Amino acid sequence: MTFNEVIGQEEVRDRLLQMVNEGRLPHAIMLCGPQGVGKKALAIAFACYLLSKKTSSSANMFSEEVSEEPMLRKLEHPDLHFTFPTIKLPSMGSDHKPVSDDFAHEWHDLLMGAGPYFTMDEWMTSMGGENQQAIITAGESDALVHKLSLKSSQGGYKVSIIWLPERMNIECANKLLKLIEEPPLQTVFVMCCEEPDRLLETIRSRVQRIDVKKLPAETICTALQQRRGVSEDAARRISRLAGGSWLKALQELQVGTENEQFLDLYISLMRLAYQRKIRDLRKWSETLAGFGREKQKRFLQFFLHMTRECFMYNFQQQDIVYMTQEEENFARNFARFVNEANILPIYDLANRAIRDIGQNANAKIVFFDFTLQIIVLLLRK
């Protein structure tokens, strides 16, 4: 993979290359930013650049020559190691700690098929564990120590890409900390992180953090036209809704997206709460409880998005409202119920539900309590 395949992010790309060219490449880098901005794509392109034998000229780094080796084109280089969240399958023994190698084929197939831009939900589907929460176990850190203790097969760098390190359990994080403190010779760690505050402070203090910003709407618009063949008008609309995320832009291209289901659920929740139909709200909460936890959290994020847009809609300023036509049709009559008196409590309620779901709380209880509190909050004026 080359940097040509990364959507935008030229500033981060140039910074990474400058560190190499000036001989001050740190042994641990953490790319931080929201979902869909290209952290994983940058990490893989940078790893391929480091592992390529053609690193003498920075002028070649954007071309296919950087990844001309078949092993790099197929992402099968022996000195390229991937670490990512995994789940425990029923077929695994009770004492087995899942590691990335258990799902190496699924990971490789997804990378080569979908490319470096995919969501946790897509990864969970590939593993066959939609109803679980993926983590990075202590077994992963043990496996990584073993891999990186070996000499480079090509006599150059060894690169370890860690996707979502914030999902490490505490035992794994402590072991990784020791590995970062005493890294093997010519080893570079590249972490792709969405929630750095969840990482150990000791790990954050030992890595070179690089913030990866949201993509400009113009960049997404151009990429949609050039890479996906989208018309200019459609690309402009989608790029505005994407909110700086290439993944969100791709989701908007799909017919029958998950967001349509989420919008129906949001509308149903608000109508039932306004009408105080407790029995129907209980059924609603049971429907949400039937989703996998990752999907439950995505709905709550959509809930936050829609609530924010309804609140902003009240100001009648199109430049600060980001909704589809269907969303706006609902907001036109509902938005007045989201106001200065309840917007912050509603936000707190949704964020608390996200936290509870993430901590494996009983989903039926979480969502039923959520719906009852929405009834109260909608009455505030």
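Source: prediction; values computed, not measured.

Visitor: Please give an account of the packing of aromatic side chains that cites residues and values.
Guide: What the rule picks out here adds up to 20 aromatic pairs. With centroids separated by 5.6 Å and ring planes inclined at 45 degrees, the aromatic side chains of W107 and W163 adopt a geometry described as tilted. Separated by 56 residues along the polypeptide, W107 in helix α4 (residues 104–114) and W163 in strand β3 (residues 158–163) bring together distant segments of the chain. Ring geometry for Y266 versus F330: centroids 6.1 Å apart, planes at 90 degrees, classification edge-to-face.

Visitor: Could you give an account of helix α1 (residues 10–21), with specific residues and numbers?
Guide: In this model, α1 (12 residues) spans 16 Å end to end at C-alpha, consistent with the 16 Å of a helix rising 1.5 Å per residue. For α1, the set of buried residues is V12, R13, L16, L17 and M19. For α1, the buried positions fall inside an angular range of 155 degrees around the axis, keeping them on one side. Of the surrounding secondary structure, the elements contacted by the buried residues of α1 are β1 (28–32), α2 (39–51) and β5 (208–211). Of the residues one or two after α1, G23 is the one with positive phi, at around 70 degrees.

Visitor: Give a detailed account of the pattern of salt bridges, specifying residues and quantitative values.
Guide: Summed over the entire model, instances satisfying the criterion amount to 18 salt bridges. For E171, the salt bridge identified is with K97, shortest N-O distance 3.9 Å. Separated by 74 residues along the polypeptide, E171 in helix α7 (residues 170–181) and K97 in the loop between β2 (80–83) and α4 bring together distant segments of the chain. Its relative accessible area of 38% is what places E171 among the partly exposed residues. Here K97 falls in the partly exposed class, since its relative accessible area comes to 40%. Linking E294 and K297 is a salt bridge whose minimum nitrogen-to-oxygen distance equals 3.8 Å. Taken together, the residues span about one helical turn, with E294 and K297 both in helix α14 (residues 293–313) at a distance of three residues. No difference in accessibility class separates E294 from K297, as the two residues are buried.

Visitor: Help me get a handle on the environment of L224, residues and values and all.
Guide: Structurally, L224 can be placed in helix α9 (residues 217–228). As a C-alpha pair, L224 and K147 span 77 residues in sequence and 39 Å in three-dimensional space. Once residues lying within four places of it in the same chain are set aside, the contact partners of L224 are G229, V230, A235, I238, S239, W246, A249 and L253.

Visitor: Break down the sheet that holds β1 for me, citing the residues and quoting the values.
Guide: Strand order in the open sheet formed by five strands is β2-β3-β4-β1-β5, and the pairing between neighbours is parallel. A strand with exactly one partner marks an edge of an open sheet, and here the two such strands are β2 and β5. Within the sheet, the average angular offset between the axes of one strand and its neighbour, ignoring direction, is 20 degrees. Sitting on the sheet, α1 is in contact with β1 and β5, with an inclination near 155 degrees to β5.

Visitor: Any chance you could break down the nonpolar core for me, citing the residues and the numbers?
Guide: Residues L31, W123, I161, W163 and W246 are the most contacted members of the largest nonpolar core, which totals 62 residues. For this core, the element with the highest residue contribution is α2, accounting for 11 residues. Setting aside its immediate chain neighbours within four residues, W163 contacts K40, T83, F84, P85, W107, F118, T119, M120, W123, I136 and C192. In terms of nonpolar packing, the next biggest core, distinct from the first, is built from 45 residues, L265, A331, A350 and A363 among them.

Visitor: Account for the environment of E252, naming residues and giving values.
Guide: Of note, E252 is situated in helix α11 (residues 246–253). Owing to a relative accessible area of 18%, E252 belongs among the buried residues under this scheme. Through-space distance from the C-alpha of E252 to that of E309 is 17 Å; in sequence the pair is 57 residues apart. In this structure, E252 is in contact with I238, L241, N259 and T324, ignoring residues within four places of it in sequence.

Visitor: Run through the pairing of β1, naming residues and quoting values.
Guide: Most of β1 is tucked away, with five of its five residues classed as buried. Every second residue of β1 is oriented toward a common face, with A28, M30 and C32 on one face and I29 and L31 on the other, all of them buried. In this structure, β1 lies alongside strand β4 (residues 187–193), joined through five bridges in parallel fashion. Paired with C32 across the two strands is C193, which belongs to β4. Taken together, the four bridges between β1 and β5 define a ladder with parallel strand orientation. Its bridge partner lying in β5, C32 is registered against D211.

Thresholds applied
Residues numbered from 1 in each chain as written. Predicted model: local features only at pLDDT ≥ 70, side-chain atom pairs only at ≥ 80, totals over all residues. Heavy atoms only, no water. Phe/Tyr/Trp six-rings, centres within 6.5 Å; stacked < 30°, edge-to-face > 60°. Helix = DSSP H or I, 4+ residues; strand = E, 2+ residues; numbered from the N terminus. Expected span 1.5 Å × (residues − 1). Buried < 20%, exposed > 50% of the residue type's maximum accessible area, 1.4 Å probe, protein only. Arc of directions from axis to C-beta. Contact = heavy atoms within 4.5 Å. Salt bridge = Lys/Arg side-chain N within 4 Å of Asp/Glu carboxyl O. Pairing = 2+ DSSP bridges. Axes fitted to C-alpha atoms, helices over the stretch in contact; angles between N-to-C directions. Core = buried A, V, L, I, M, F, W, Y, C linked by side-chain atoms within 4.5 Å.

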